[in-house]
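Below, each chain spelled out in residue letters.
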Amino acid sequence: MANKFKPIQATQTSNSKKDTKKDTKRNTKTEPKTATKAFGVKALGFVVVTLLALGAGIFTYQSQHSDFETVSGQGYQWSELQGQWTVINYFAPWCAPCLREMPELNAFSQNLPEDTLIFAINYDKQTSTQITEMADKYIIEVPIIFASENTVLPMERPPYLPATFIVGPEGKVVDTIMGEVSEQELRERIQQLKTAANKAA
């Protein structure tokens, strides 16, 4: 009777060995696929994180980069000023007409027309300390652009002073006033330009 059961046990053992071999084969085939899949997910994750970091870096750079800055440290980008009318007045302390018109520009800056900004810019490059002292001395209340090699403006430096440029909503110079300008003249010019622009639209 005992002999009859031995083959059965042997067969079961044999089957177990076969099953173990099958499982080993299954595991061998499955593991590389799982590893490859895991590697793919990690690689994709790395790419996504890298792109996000790069995008954040570009955004940060663009948000910190200015086309021009005032002496007070306020930065501006022309892309942000689209839709605005921007007046830029070149002046110098050695220019008598520039100093004569400054009170007019101060008055204009204290009561700006809608969608309008005004800046002054010193004709000669100076340090921020020198410009601040000059502004105090000559009572210049208009925000002054700190001219540097990185300053981006839509006009060339004028051949003589005083010179006032009006930059339209598209970021291009639409009018130039050479010589002294009054607050009233500046308001009238800008109103005329706005009226013409509205008709053209």
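Analysis parameters
Residues numbered from 1 in each chain as written. Predicted model: local features only at pLDDT ≥ 70, side-chain atom pairs only at ≥ 80, totals over all residues. Heavy atoms only, no water. Disulfide = S-S within 2.5 Å. Buried < 20%, exposed > 50% of the residue type's maximum accessible area, 1.4 Å probe, protein only. Helix = DSSP H or I, 4+ residues; strand = E, 2+ residues; numbered from the N terminus. Expected span 1.5 Å × (residues − 1). Arc of directions from axis to C-beta. Core = buried A, V, L, I, M, F, W, Y, C linked by side-chain atoms within 4.5 Å. Contact = heavy atoms within 4.5 Å.

Caption draft 1: Spatial organisation of the state of the cysteines. Enumeration according to the criterion identifies 1 disulfide in this entry. Two residues, Cys-95 and Cys-98, share a disulfide whose sulfurs are 2.3 Å apart. Measuring handedness by torsion sign, the sulfur bridge of Cys-95 and Cys-98 sits at about 80° and is right-handed. With a relative accessible area of 0%, Cys-98 lands in the buried category.

Caption draft 2: Layout of helix α4 (residues 183–200). Given a rise of 1.5 Å per residue, 18 residues ought to cover 26 Å, and the 26 Å separating the end C-alpha atoms of α4 matches this to within 8%. For α4, every residue scored as buried is listed here: Leu-186, Arg-187, Ile-190, Leu-193 and Lys-194. Within α4, the buried residues cover an arc of 130° as seen down the axis, which keeps them to one side. Exposed residues lying more than 90 degrees from the buried face of α4 are Gln-192, Lys-199 and Ala-200.

Caption draft 3: Structural context of the nonpolar core. Membership of the largest hydrophobic core comes to 40 residues, with the highest contact counts inside it found for Phe-68, Ile-88, Tyr-90, Phe-91, Leu-153 and Leu-186. Element by element, the count of residues in this core is highest for strand β3 (residues 85–91), at 5 residues. Excluding residues within four positions of it along the chain, Ile-88 makes contact with Trp-78, Phe-119, Ile-121, Ile-145, Leu-153, Met-155, Ala-163, Thr-164 and Phe-165.

Without other data, these values stay purely geometric and don't point to any function.
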